[in-house]
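Letter by letter, the chains look like this.
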Amino acid sequence: MYLTHLECPRCGATHDADRPQNLCACGSPLLARYDLAAVRRSVRPEDLARRPADLWRYRELLPVADERHVTTFGEGWTPLLPAARYGESIGLPHLMIKDEGLVPTGSFKARGAAVGVSRARELGIRHVGMPTNGNAGAAWATYAARAGLRATIAMPLGAPTITRRECVAAGAELHLVDGLISDAGRYVGTLIAASAGTPDEIFDVSTLREPYRLEGKKTMGYEIVEQLGWRVPDVILYPTGGGVGLIGIHKALRELRELGWIGAELPRLVAVQSSGCAPIVRAFGAGASRAEPWTDAWTLAFGINVPAPLGDELMLTALRETAGTAIAVDDEEILADLHDFGAREGLLLCPEGAACLTAARRLRAGGWIRPDERVVVLNTGAGLKYPETVDVDSLPVVAP
């Protein structure tokens, strides 16, 4: 294994990667670091083409030492689909969709769960706990069951109902909370604290409170670059709530650059949020290094309804280091673009993915994205998990 240590991006402290870790003492998330010089000596980009088409093809850049602990349903290597018909309609003929709706459990959260659960199992953790807006809980419950771990999940009542069913089906202990994900976080925190020192101690795997979910999510960045022939696109738009995917893609790009597998120039990253919950957009616009909590948060794109993300510093750094931007879009626009895209391209996006289409359309109209640029939109989940985005109740019924 090429994992060497964990590092705090805020204070620079290093931590032992061979035992379970949560946040740094300064309160920052920790990042996994690898001996990239050794990776460069042992593997070349062309070697990866002969490996299975899943995220574990990047095993030298992942934190699991013993393959016996790898917990997998075949996740990763999702298609990068051209969307020229819709793209032409908004002035972006080179638009592409990275469709994460095809991974196990129907969302990109399976990537983080696969690597996070595998590493937890390797480190001897037997019970994991977390709050969720839905899809992450479903994924972690599913992978925990496959690994033989227990899972305790707290979920807001407003989360998509299919995700609570997924948790229950996987045998997780599910707690429904009347509030937002921040309220679910406080509730599950009390359960974790109460279990400390007991034989059934719960390890906190909340967003960015352990370092390995991020390592699974970063493989989206590796795949985009490999699928483009080891070239980077000009722009990547990402629906941003907790921000692990955005941070992970940025981390992947920096690792690829250090490996010499791509050039110095990175894609411009775009954090897409809803106007009903946009703490990163507000902080980016103000030139701030931290985001203030968003009050009265609400959006139909429930996965990005995160009023106080722990990874705010890392997200803002990723945007500024890549000359990117942050943009908030309205729910009405999200639904309109979701329907327009489906009619033109035949793919039902999740509302979070559709938010990125709205952002791309507006950024092109404002000139921030040029018409000749290659643009990648992340569709982070299967649209079928959000049936309420398509109204069929008003359809006429005809007699046979």
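Structural data are supplied above this passage.
Now for a quick tour of the structure. Throughout this document, residue positions are counted from 1 along each chain, in the order its sequence is written. Local features are withheld for residues below a pLDDT of 70 in this predicted model, meaning they are given only at 70 or higher, and side-chain atom pairs are given and counted only at 80 or more; totals for whole chains, interfaces and linings count all residues. Water and hydrogen atoms play no part in the side-chain values, which are based on all heavy atoms of the structure.

### Description of the nonpolar core
- Take the buried residues of types Ala, Val, Leu, Ile, Met, Phe, Trp, Tyr and Cys, join any two whose side-chain atoms come within 4.5 Å, and each joined set is a nonpolar core. Burial status follows relative accessibility: with a 1.4 Å probe on protein chains alone, a residue under 20% of its type maximum counts as buried, one over 50% as exposed, and anything between as partly exposed. Judged by nonpolar contacts, the single largest core of 58 residues is most densely connected at I249, L253, L256, L269, L319 and L378.
- Elements are defined by DSSP. Helices are runs of H or I of four residues or more, strands are runs of E of two residues or more, and each kind is numbered from the N terminus. Take this core: its biggest share by element is eight residues, from helix α10 (residues 244-259).
- Membership of the second largest hydrophobic core comes to 31 residues, among which are A110, A139, A147 and A159.

### Thoughts on the pairing of strand β13 (residues 375-379)
- Among the five residues in β13, five count as buried, and that is most of the element.
- Residues V375, V377 and N379 point to one face of β13 and V376 and L378 to the other, with burial holding for every one of them.
- Pairing of strand β5 (residues 95-99) with β13, which is carried by five bridges, proceeds in the parallel orientation. Each bridged residue has a counterpart across the sheet, and for I97 the counterpart in β13 is V377.
- Pairs of strands are assigned from DSSP output, requiring at least two bridges between the strands. Pairing of strand β10 (residues 235-239) with β13, which is carried by three bridges, proceeds in the parallel orientation. Bridge assignment links I236 to a residue of β13, and that residue is V376.

### A look at the sheet that holds strand β1 (residues 3-7)
- Spatially, three strands are ordered β2-β1-β3 in an open sheet, and the strand pairing comes out antiparallel. Across the chains shown, the open sheet's two edge strands, defined by having one partner strand only, are β2 (14-15) and β3 (31-34).
- Here two bridges tie β1 to β2, and the two strands are oriented antiparallel to one another. The residue of β2 that forms the bridge with L6 is H15.

### Some details on unusual backbone geometry
- The phi dihedral of W77 falls on the positive side, at around 55 degrees, and the residue is not glycine.
- Looking at the secondary structure, you find W77 in the loop between α2 (45-48) and β4 (80-82).

### Here we look at the pattern of salt bridges
- Within this document, salt bridges are pairs made up of a side-chain nitrogen of Lys or Arg and a carboxyl oxygen of Asp or Glu, the two lying within 4 Å of each other. By the definition in use, this model includes 31 salt bridges.
- For R57, the salt bridge is made with E226, and the minimal N-O distance between the two is 2.8 Å. Here R57 is found in the loop between α2 and β4, whereas its partner E226 is found in helix α9 (residues 219-227), with 169 residues between them in sequence.
- In this structure, R370 engages D372 in a salt bridge whose closest nitrogen and oxygen atoms are separated by 3.5 Å.

### So, α9
- Burial of α9 is extensive: eight of the nine residues sit out of reach of the surface.
- Turning to α9, its buried residues are T219, M220, G221, Y222, E223, I224, V225 and E226.
- One or two steps after α9, the chain reaches G229, where phi turns positive at roughly 75 degrees.

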